[in-house]
Amino acid sequence: MNSTKTVLVVDDSRVSRLMERQFILSKYPDWVIEEAATGEEALEKAPSLNPALILIDVNMPGMGGVAAAERLRALCPDAHISLVTANVQNATRNRAQEMGIGFMEKPVTEARIHQLISALDL
């Protein structure tokens, strides 16, 4: 189907990062999954990774996901970015839409991850 892609998973929860990694690799075993535990770490790592997709949690200590996503958009203009959150308020969803990025509700499931990736046609 497609060549190797790099995905950056940004979440302060190690368990969430591990689950997202497993869900992606179950369908795309050749993809490279990189992780960051904070928005700041994502900003440091992303430029050299050239990720095709960035999944970023909204609520994290330090820089939150929305602020990090804004900066990542500038650093990685070709990356597809999606906010991932249990906080499904319309304000957050609307902000993602304004920024031109995706929005995925937690809990993250294998079906949701695969649906998001299929919709992006990576």
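Refer to the structure printed above.
I will try to describe carefully the structure that is included in this document. Please read these numbers as outputs of a predicted model, since none were measured by experiment.

Basis of the calculations
Residues numbered from 1 in each chain as written. Predicted model: local features only at pLDDT ≥ 70, side-chain atom pairs only at ≥ 80, totals over all residues. Heavy atoms only, no water. Salt bridge = Lys/Arg side-chain N within 4 Å of Asp/Glu carboxyl O. Helix = DSSP H or I, 4+ residues; strand = E, 2+ residues; numbered from the N terminus. Buried < 20%, exposed > 50% of the residue type's maximum accessible area, 1.4 Å probe, protein only. Core = buried A, V, L, I, M, F, W, Y, C linked by side-chain atoms within 4.5 Å. Contact = heavy atoms within 4.5 Å.

Moving on, we come to the pattern of salt bridges. Applying the stated criterion across every chain, the model contains 8 salt bridges. Between Arg95 and Glu70 there is a salt bridge; the shortest N-O distance is 2.2 Å. Of this pair, Arg95 sits in helix H4 (residues 90-99) while Glu70 sits in helix H3 (residues 65-75), placing them 25 residues apart in sequence. Exposure remark for Arg95: the relative accessible area of 28% places this residue in the partly exposed category. By sharing partners, the salt bridges in this structure join Asp11, Asp57 and Lys106 into a single network.

Judged by nonpolar contacts, the single largest core of 22 residues is most densely connected at Val10, Ile54, Ile56, Leu72 and Leu83. Sorting the residues of this core by element identifies strand E1 (6-10), helix H2 (39-49), strand E3 (53-57), H3, strand E4 (80-85) and H4 as the ones contributing at least two each. If we skip the residues at most four places from it in the chain, Ile56 touches Val10, Gly65, Ala68, Ala69, Leu72, Ile81, Ser82, Leu83 and Val84. Ile33, Ala52, Ile117 and Leu122 belong to the second-largest nonpolar core, a separate cluster that totals 17 residues.

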